[in-house]
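Report on the structure
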Amino acid sequence: MVRAASALLVLALISCGANTPAANTSASGASSHSPAGTVSVAGPWTFTIDASSTTTVRVREILAQVRAPGDAVLTATGVKGSFTLNTDGSFTPASKITADLGSLRSDQSQRDGFIKDNTLETRRFPTAEFAPSKVTGLTLPLPVSGDLKFTISGKMTVHGVTKDVTFSVVAKRDGARLTATATADPAWTFGDFGMTVPRVASVLSIEDSIRVEITLVAIETA
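Residues numbered from 1 in each chain as written. Predicted model: local features only at pLDDT ≥ 70, side-chain atom pairs only at ≥ 80, totals over all residues. Heavy atoms only, no water.

**Re the packing of aromatic side chains**
The following threshold applies: Note on ring pairs: Phe, Tyr and Trp rings are taken, using the six-membered ring of Trp, and paired if centres are within 6.5 Å. Classes follow the plane angle, with under 30 degrees stacked, over 60 edge-to-face and the rest tilted. Counting from the N terminus, the helices are DSSP H or I runs at least four residues long and the strands are E runs at least two residues long. Only protein chains enter the accessibility calculation, which uses a 1.4 Å probe; a residue whose area is less than 20% of its type maximum is buried, one above 50% is exposed, and one in between is partly exposed.
Under the defined criterion, the tally for this structure stands at 5 aromatic pairs. For the ring pair F130 and F167, a centre distance of 5.7 Å and an interplane angle of 90 degrees mean the geometry is edge-to-face. On the criterion of sequence distance, the pair formed by F130 in strand β6 (residues 127-136) and F167 in strand β8 (residues 161-174) is long-range, its members being 37 residues apart. Of the two residues examined, F130 and F167, each falls in the buried class. For the ring pair W188 and F193, a centre distance of 5.7 Å and an interplane angle of 70 degrees mean the geometry is edge-to-face. Summarising the burial analysis for this pair, W188 and F193 share the class buried. Taken together, F130, F167, W188 and F193 form an aromatic cluster joined through their ring pairs.

So this is what it looks like as structure tokens:
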């Protein structure tokens, strides 16, 4: 039950921060088919994270020194926040995305409890936070609709530790609605956020590589 879940949990938490990046890339633009929201053509662009956004964390387990064929997966919901993208590609200081670590879930409740209590220490650090700083590779002002591909950088705080991180983002803009998939690049390690790789004697351990992917939905607001 200790499994890679520990790693998953950690990553998921961190990943939550990543959701912001995707949203940050949202631009302005309007569409007759877009959802209710405000569409600014000139910028800056302010977006609010939709409750349907999720974060998926994957780690590879090692059983008795043999690499497992599949990944351990943990999913987090309950991401919230907002961000404002300026016309120069930077974000306002108030831009912040917060994830409730208590929402982390895998297919084993005992695993989840172990990770929250021992790896993430959620009683001391109940949330993970991402503060985006800048996007690169994104043409501004943003088009009203279409596919986007860019990189977003910022500061991620997990387990009381703040680290500069970068996400590769593939997104789609449809008026006020922005959907995106943000992948941590490079992947993170447990040590990046002051955590130890979970191990159970010499039988079970986890590769020290945390792969985080955020599926983001954000709506432009006034």
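**Digging into the pattern of salt bridges**
As a reminder, the rule being used: Think of a salt bridge as a Lys or Arg side-chain nitrogen and an Asp or Glu carboxyl oxygen that are within 4 Å of each other.
What the rule picks out here adds up to 6 salt bridges. Across the salt bridge formed by R123 and D117, the nearest N and O atoms sit 2.9 Å from each other. On the basis of relative accessible area, R123 is assigned to the exposed category, the value being 72%. Its salt-bridge partner being K163, residue D192 comes within 3.9 Å of it at the nearest N-O pair. One end of the pair, D192, is in the loop between β9 (177-184) and β10 (199-200); the other, K163, is in strand β8, and 29 residues separate them in sequence. Given the relative accessible area of 23%, D192 is considered partly exposed.

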